[in-house]
Structure formats: C-alpha cells, structure tokens
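Fold and geometry: a report
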Amino acid sequence: MNYGPIVFLAAFFALVSSWYGFVVKPQFQLGHMMPTNTVPGGVTYPTARPGLAQQGLQVYRANGCYQCHSQQVMQDGAFFEVILRDAGTNLPSMEAAVRHLAPKLAEQPNALENLPKPVLRNVSKEEADRAIKLLNASGGKAAPWVVAAGPDIERGWGKRRSVAEDFLYDSPVMAGGQRIGPDLANVGLRQPDINWHLRHFYAPAAVVKGSVMPPYKFFFEKRKIGRRPNPGALQGAQELGIEPGYELIPKQDAIALAAYMLSLRADAPLYSAPYSVASAPPAQAAQQTNAAPAQGATQPEAAKP
Amino acid sequence: MSISSSLTSPSAPQQGDVPRYAAGWVLLLALFISAASWLLLGSVFGLISSIKFHSPGFLADPAWLTYGRVRAAAVNLLLYGFCLQGGLGAALWILMRTGRTAIILPLMAALGACVLNVGVLAGLGGILAGHISGFEGFEMPGYAAVFILAGYMLVGVSVVLTLRARQNDRLSVPQWFLLAAVFWFPWIYSTASLLLLFLPVRGVAQSVIAWWYTANFQLVWLGLVGLASAFYLLPRILGRELNSRNLALFCFWTLVLFGSWTGVPRSAPVPAWIPAWSVAATVITSVFYIGVLLTSRATTFGQCRLAWGEAGRFSSFGLSALLFFGLLTVGLTAIGKNEWLNFTWINAARFHLLAYGFFSMIIFGCIFTAASDFFASPLPRIARAQFWLAAIGTVLLSLPLAGAGIVQALKLRNPDIAFVDVTKATLHFLRLSTIGDLLLVVANAMLLFYLVSVAIGAFRERGRKLYQTATAEVVR
C-alpha cells in the first residue's frame, strides 16, 4: 500500500461491491415489486392509501414522528392450532381420537359440541398434520390454524410480522428505529376512531395516562364559539383543558395525520407472512387492506394506541 | 519517508514554519470555528430534546421546536455541521503536516467551506420548517444536500491536491486512510441523495439504501477519518512509529470491506438475504475492532501515561469509545439479541459513542494539537477542562441510554407489561442522560470560545503579516 492509485482502487473495489449489493441489487428485487394477493381471499394487497392519508404521511414525516414510533411488527415464529370443525358420525371413534390428542378436553362434558373448536394449541406443523390425519380418519373434519407468535403480536400490535409489501406505496418509507412510543403498524386497527386520534394529538397525556408524547397544539386552532358551534370542532374539548365558551378546530394537518393513522392497518394474511383468518366474504377481506375505513367509525375510548 | 520521520522533529514546529502555511492556517481556523459553532448549536438542540423527557410540554407549542424536528436538527448538525467539516479540517491539517507541504488551493477550499456551511444552514432551516427527508441521520432536504455535496467536493479537491504535493513518496498510514475517505463520501452521499430525495426508489428499497448510507457514513467514513487522525496523533505524541503499518493495513481493509455491508437490522421487513449478509458482515467487523485494539496497544505499549496525557488522551479516549462501540454492536449481533434491542435506546447510545465519543473527541485532539502547532506552544490549558467535560458528558450520555435500551428491551419482551410502563421505566435513565447533554453543551461552548479567542488574538497580533503572506501565496 505505497501508492495512491492502489489505495484508491482498493477503496473503490470495496465500495463498489457494497454499493452493488445494497443499492443496485435490492433495486432489481424490490424496485419493481408488484402488489400481491392475500392468502386466503385472493384480494390485491396493498392498495394505495387514500389521498388524505397520503397527505397525513407527509405530516408524519415533517414532524419527525418516526423518531419515536416504529411501524414494524416483529415475529418470533408461528405455531399451529388444530381446529375440529365437524365431529362426523362415528362419535366413539372421534372421542377416542380426541382423548388421545387432548386428554383434558376429552374429560370436559360436551367435548364434541359447540364446534368448531381448537383441539390442540401451540404445536408444530408435523404434530398438527398428524393430529389432523387422525381426526379425519375418525370421520371428522379438522383443519390447521396458523397463529403468528412473538411479544409484539401478543401485545396486540399486529397479527403478523411486517413485510416489504406493507410499505409498497409509501414514500418516504418510515419504518422507524425507535419505540419511545408504541408501534403504529396497525394503529388504525386498534384505534379506528378519528376523534380519539385528534384528541390524542392535542393532549396526549390527558387521553393516555402517563404518556410522554409531546402535545401537538399547533395542529389546532382555539376559537371562541360563535353564534353556532363549528361542526368540525373537537368533541369534549373541555376535558382537554379548554375553557367553556371556546372550541378547538383541527387544522388540515391534524385531520390528514389522523386519516393516515386510520390507514395504518398491515394485517392482510400473505403468502410470505401467513396467519389464518376466519373465512370471510371478499368484500370484508378487502377491508383488511391499507384502505381507510369510513371516517365516522367510532370505537369505545378504552383502547390504547 | 515514513510517518514518524516527519514527526520525530519536535512535536511543536519552529516558529518559522507558521508564515509558510499562513493561508492554510486561516482556512483551518475558519473550518474549525464553523464546525465548532454547529457542534455547539447541535448540542443545544440535543439538550432541548432531552429536556422534553422531563416535561413533554417543554417548548412543544411552536411547530419548529417539536421533538421530532429538534432531535433531527441535533443529529444532523453533529454529523454534517461538525463531523464532516471538522473531519475535512483535520484531514487538511494532517496532510499538511505529514506531507510537509502547504495546503494547495486554500481559497478554493475556503469557498467549499462556505458552500458547505450554506448547505448546513439551509438543512437546519429545512428541518425546523418541516422539510425533513424522513431518514434518520440523513434528514436534510434535497436543496441542502446539493450544497453540502458541492462544498465537500470543493474542499475535497484541495485535500487530494495537498496529498499529491506531499514530500514523502511512500504513502503513510494516515495519508492512505484519508485518501480513501475523501472519495468515499461523495459516492455514498450522491447515491443516497439521488435515490432517496430526488428520484426516490419504490418501497422498502428506500430503507435498504438508507441503512447502507448510514453504515457507510457513520462507520466507514467517520472510521477512516477518525482512525487517520488517531494514527497520526498517537505516534506523534509518543515520538515513535505506528506499530505497525501492516496492522493498520489490516484495519483499513476490514473496515472498508466489511464495515460497508453493516447496518441492516435483523428484523428488517426486506428479503431475508439482506439482513443475513449484513449480520454476517457485522460479525466479521469484530476482526476490525481487534485490529484497532492491537494497533493502538502495540503503538502505546509501555507509554500509557503519555498516551493518556494532556495531548494523547483525546485519541486514547476516542479509540476506547470505538472499541466499546464495537463490543456493543458485534456482541449484541453475535449473541442474536440484536432483534429485540432493535427498537430501543441502544441505537442512540451507539450513535453517541461513535459520533461523539470516538470521532468528535479525536477531532478535538486534532484541533488542540493544530493550535499548539500554530502557536509553537504546548496544548492550551482549556484543553484539559474541555476534555474532561466532553469525556464525562459522553459517558453520562451513552451509558444511561444503553441502560435504558436494555430495560426497554427486556420489558418490551413481556407483553403483560403495559407500554406506558415500559416507557416510564426508561425515564430515569433518560433524565440522567440530560446531565450528559448539559456537560457536552458546556464542553462544546468552551471549544468554540477557545477557537474564537485564538482567531481574535491571531488576527490582532499577526493579522497584517498573515494577510501579506496569504495574498502573496495566492498571487503566486
């Protein structure tokens, strides 16, 4: 390493290789990614967010929300449940099979009623396959049920891990690297009430006790109530510390950001991140995409984001 | 000519040297003063963002002071205002000293520094106005990125020409580290700017590029410039050769070959081969850290007192911080705990260790040693206080954040603990780290105060002389 050109070439080689590996190659693989289909359901996923939610994404970016919130659900793995759908007609044989698989369940009275019900929980694929074979051989109908596992899933932050498709139509992609606040990958699913979000932006600590989120009062305009209250004003402003006679009008940024929150629902079951869902008609399955639900949707305020 | 033969001459050069380099000295002073100003401003923003954990409502009402923007301003001012500019200044100074030459095209470098500072200023304004890019550590908007790149390249030309004008034929260790670094940044920065800001790619390919850029800037570029400075300063202070050239070569290769592949977290929502490669590369970078450990140990062996003395302690602390960073990064990756530490304060702790504990500390050492060159005197007395404040500040910032990260990770693993309680458990640590932030503000203010007083003194006493030599050189 005595001469400049050699150092230059060495560094050049090292940089080219990592540049090819992490810039060019992912671009070949991910840059032309197309929407996929949900499994089951066969519904196109994802769909672009509605316009208001896309504006909200830019508000999210402009205020650096990604500094505190991730949008990635982590998953440790998956386990299987075995669901018995139908006991069939050969009940003694079925009882014997259930007793063999799940002695505790078999001891309960009416073990074979109120179907479908899970016979086995938290088992591997091999064990599930063996049990299904046995149950089906006894004349019943059993099916496997895939459940994603991991603390994030148990915390209710998602049904499955986040995958590349979830971010397909977002720019910039803000998957986040910190969880000073909770993960938001599925916040629209947990908390579909737009009014809750608006109130939470204005005074987080008043809505979620112990929250360290800073208030975003600059998203709102405080006005004296005129001859007639503004229909767009925030409901229950008094509980947020607003004097009587005044009302809070959310600005465009707040409404867009709240719409973006509602559009955050990455729960479509996919081939690359499977989990079982109750078979739903296609119309309902379509709801499981990124599309925002109707704005009037309300939910009890007990749920935490 | 080897590195130390140019340095075994008394560490403080003769008075006669100074006028010869006069234009260069003015340039260096300007670079260091503007870098230190951004550093101070960035640490003030860091302190504000830290205080927000004591009271979320603190300065929350003006939109430009909301946490997300202030935090981005703090990180980006540290990286682009101080590290980039201070690193370029240190590079010019080291090349000037090791090559026994004047800085070539100082006016062009000065113009570059102006453009760079305009870029940082525009970037700061953009971030506070909400024009954040959305990628951590790369938050300045496109219009600022253009200036930063152009400014860097103008200074970079001067760096390369100064290296070419060296009087030693065989490249010394710091020289080759700096040569690689000077070309590294424009490539990664232009790639990231183009593919993330101007023609954004689709979907998570953005995240992969952002991770790649972050690793290449924060580990490789800072690593190359920081190590070049430490490998220049330590042998010079100890009055011996770097031990050894081959070990330094090993550090260089492992850093550029493997460091440039790190950075993608294990749980990233991208095709599995990308995090797999990245994790493998992170584990292999352990040999880089071992190389740094062996090099610095072999170089300072038996001279620990001097290595931690007045002048050497900046480099020694910096190298220790780098090794601690490596231990944390490789250790957590290798034992497979990376995934659950992924979204925690550990990342912030690691960032401060690298950007402040390692890089900035070594650059402080360069700045004070350059000043002692300039005055042909021992290190200024303020260096001691500045070092201890900065060192204790770094420790008080990084350790509590690492502790907060581990507590947060453990509690996040348990879904029975409500999320609010997880955050609450980290608050004591975060509040402790505010003291660290405060000490850093004071340390950075001292650095700026010192540099400004040097500038005032120098201009008052030697102003005319400096001006004459500078213009004479330019005219020639």
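Residues numbered from 1 in each chain as written. Chains lettered and ligands numbered in written order. Predicted model: local features only at pLDDT ≥ 70, side-chain atom pairs only at ≥ 80, totals over all residues. Heavy atoms only, no water.

1. Some words on the overall build of chain B
Per the secondary structure count, chain B includes 15 helices and 0 strands. Relative to its length of 476 residues, chain B is compact, with a C-alpha radius of gyration of 22 Å against a globular reference of 23 Å. Judged by the C-alpha coordinates and their principal axes, chain B covers about 70 × 50 × 45 Å. A buried classification covers 63% of the 476 residues belonging to chain B. In chain B, the proportion of contacts linking residues at least 24 apart, taken out of those at least 6 apart, comes to 84%. When the accessible surface of chain B is summed, it comes to about 16200 Å², and 69% of that surface belongs to carbon and sulfur atoms. Computing the positive centroid from 30 side-chain charges and the negative centroid from 14, chain B places the two 6 Å apart. (Helix = DSSP H or I, 4+ residues; strand = E, 2+ residues; numbered from the N terminus. Rg over C-alpha atoms; globule rule 2.2 N^0.38 Å. Buried < 20%, exposed > 50% of the residue type's maximum accessible area, 1.4 Å probe, protein only. Contact = heavy atoms within 4.5 Å. Areas by Shrake-Rupley, 256 points an atom, 1.4 Å probe, with all protein chains shown as cover. Lys, Arg positive; Asp, Glu negative; His and termini not counted. Charge placed at Lys NZ, Arg CZ, Asp CG, Glu CD.)

2. Concerning the pattern of salt bridges
Residues and elements named next belong to chain A. Under the counting rule described, the total for this entry stands at 14 salt bridges over all chains. Two residues, aspartate 129 and lysine 125, come together in a salt bridge whose shortest N-O distance is 2.9 Å. A residue pair is termed a helical-turn pair when its members lie 3 or 4 positions apart in one helix, as aspartate 129 and lysine 125 do in helix α5 (residues 125-137) at 4 residues. A relative accessible area of 37% means that aspartate 129 is categorised as partly exposed. On the accessibility criterion, lysine 125 (44% relative accessible area) is partly exposed. When the shortest N-O distance is used, the salt bridge between aspartate 166 and arginine 160 registers 3.0 Å. Under the relative-accessibility criterion, aspartate 166 is labelled buried at 5%. Overall, the relative accessible area of 0% leaves arginine 160 in the buried class. One network of salt bridges, in which partners are shared, links Asp152, Arg179 and Asp183. (Salt bridge = Lys/Arg side-chain N within 4 Å of Asp/Glu carboxyl O.)

3. Examining the sheet that holds strand β5 (residues 141-149) of chain A
All names here are of chain A. Overall, antiparallel pairing links the 3 strands, which are arranged β4-β3-β5 in an open sheet. Each end of this open sheet is capped by a strand with a single partner; those strands are β4 (117-123) and β5. When the angles between neighbouring strand axes are averaged without regard to direction, this sheet yields 20°. In this sheet, β4 lies alongside strand β3 (residues 77-86) in antiparallel orientation, the contact comprising 4 bridges. Bridge pairing links phenylalanine 80 to valine 123 in β4. The strands touched by α5 are β3, β4 and β5; relative to β3, the strand with the most contacts, the crossing angle is about 10°. (Pairing = 2+ DSSP bridges. Axes fitted to C-alpha atoms, helices over the stretch in contact; angles between N-to-C directions.)

4. With respect to the interface of chain A and chain B
Contacts between the two partners involve 74 residues from chain A and, on the opposite side, 82 residues from chain B. For the chain A and chain B pair, buried surface summed over both sides reaches about 6500 Å², with 65% attributable to carbon and sulfur atoms. At the boundary of chain A and chain B, one finds 1 salt bridge. With a shortest N-O distance of 3.0 Å, Asp76(A) and Arg413(B) are connected by a salt bridge. At the junction of chain A with chain B, the criterion picks out 23 residue pairs in polar contact (both at pLDDT 80 or more). Those elements that provide at least two residues to the side of chain A that touches chain B are α1 (4-30), α2 (51-62) and α6 (151-154) of chain A. Top contributing element to the side of chain A that touches chain B by residue count: α1(A), with 21 residues. Considered class by class, the residues forming the side of chain A that touches chain B number 41 nonpolar, 23 polar and 10 charged. (Buried area = accessible area lost by both parts, 1.4 Å probe. Polar contact = N/O pair within 3.5 Å; in protein donor to acceptor, adjacent residues only side chain to side chain. Nonpolar A, V, L, I, M, F, W, Y, C, P; charged D, E, K, R; others polar.)

5. Notes on the pairing of strand β7 (residues 246-250) of chain A
Residues and elements named next belong to chain A. Among the 5 residues that make up β7, 4 are buried, leaving the element largely enclosed by the rest of the structure. Alignment of strand β6 (residues 220-224) against β7, held across 5 bridges, turns out to be antiparallel. Along β7, the bridge assignment pairs arginine 223 with glutamate 247.

6. Some details on the confidence of the model for chain B
Any residue range with low pLDDT should be treated as having predicted coordinates unsuitable for detailed reading. Predicted confidence across chain B gives a mean pLDDT of 90, with 93% of residues reaching 70 or more. With a pTM of 0.90, the predicted complex shows an ipTM of 0.90. (pLDDT = per-residue confidence, 0-100.)

7. A short note on the nonpolar core
One finds Tyr80(B) and Trp221(B) to be the most contacted residues of the largest nonpolar core, which totals 215 residues. Counting residues per element, this core draws most heavily on helix α7 (residues 205-238) of chain B, at 23 residues. When residues no more than four places from it in sequence are discounted, the contact partners of Trp221(B) are Cys83(B), Leu84(B), Gly87(B), Tyr152(B), Ala181(B), Trp184(B), Phe185(B), Asn216(B) and Phe359(B). Formed by 20 residues, the second largest nonpolar core is a distinct cluster that contains Ala97(A), Leu105(A), Leu120(A) and Ala131(A). (Core = buried A, V, L, I, M, F, W, Y, C linked by side-chain atoms within 4.5 Å.)

8. Quick word on the pairing of β3(A)
Across 9 bridges, β3(A) lies against β5(A) in antiparallel orientation. Among the inter-strand pairings, Glu81(A) is bridged to a residue of β5(A), identified as Trp145(A).

9. Here we look at a nonpolar patch on the surface
Residues and elements named next belong to chain B. On the surface, Val118, Val146, Phe147, Leu194, Phe198 and Leu199 cluster together into a nonpolar patch covering about 550 Å² of accessible area. Of all the secondary structure elements, the ones that give two or more residues to the nonpolar patch are α5 (142-164) and α6 (173-198). With respect to the helices, strands and loops of the structure, leucine 194 is situated in helix α6. Residue leucine 194 is classed as partly exposed on the basis of its relative accessible area, which comes to 43%. (Patch = residues over 30% accessible without salt bridge, like charges linked within 9 Å, V, L, I, M, F, W, Y side chains within 5 Å.)

10. Some remarks on the environment of Cys65(A)
All names here are of chain A. With respect to the helices and strands, cysteine 65 occurs in the loop between α2 and β3. The buried category is assigned to cysteine 65, whose relative accessible area is 11%. Along the chain, cysteine 65 and serine 124 lie 59 residues apart, while their C-alpha atoms are 39 Å from each other.

11. A short note on the packing of aromatic side chains
The final tally for this structure, using the stated rule, is 45 aromatic pairs over all chains. When the ring of Phe22(A) is compared with that of Trp261(B), the centres are 5.0 Å apart and the planes differ by 70°; the resulting orientation is edge-to-face. Linking Phe22(A) in helix α1 with Trp261(B) in the loop between α8 (245-258) and α9 (273-284), this pair reaches from one chain into another. Here Phe22(A) matches Trp261(B) in class, with each residue buried. Pairwise contacts between aromatic rings join Tyr80(B), Phe138(B), Tyr152(B), Phe185(B), Tyr189(B), Tyr213(B), Phe217(B), Trp221(B) and Phe359(B) into one cluster. Over the aromatic face of Trp273(B) sits the side chain of Lys25(A), whose NZ or CZ is 4.7 Å from the ring centroid. (Phe/Tyr/Trp six-rings, centres within 6.5 Å; stacked < 30°, edge-to-face > 60°. Lys NZ or Arg CZ within 6 Å of the ring centre and 35° of its normal.)

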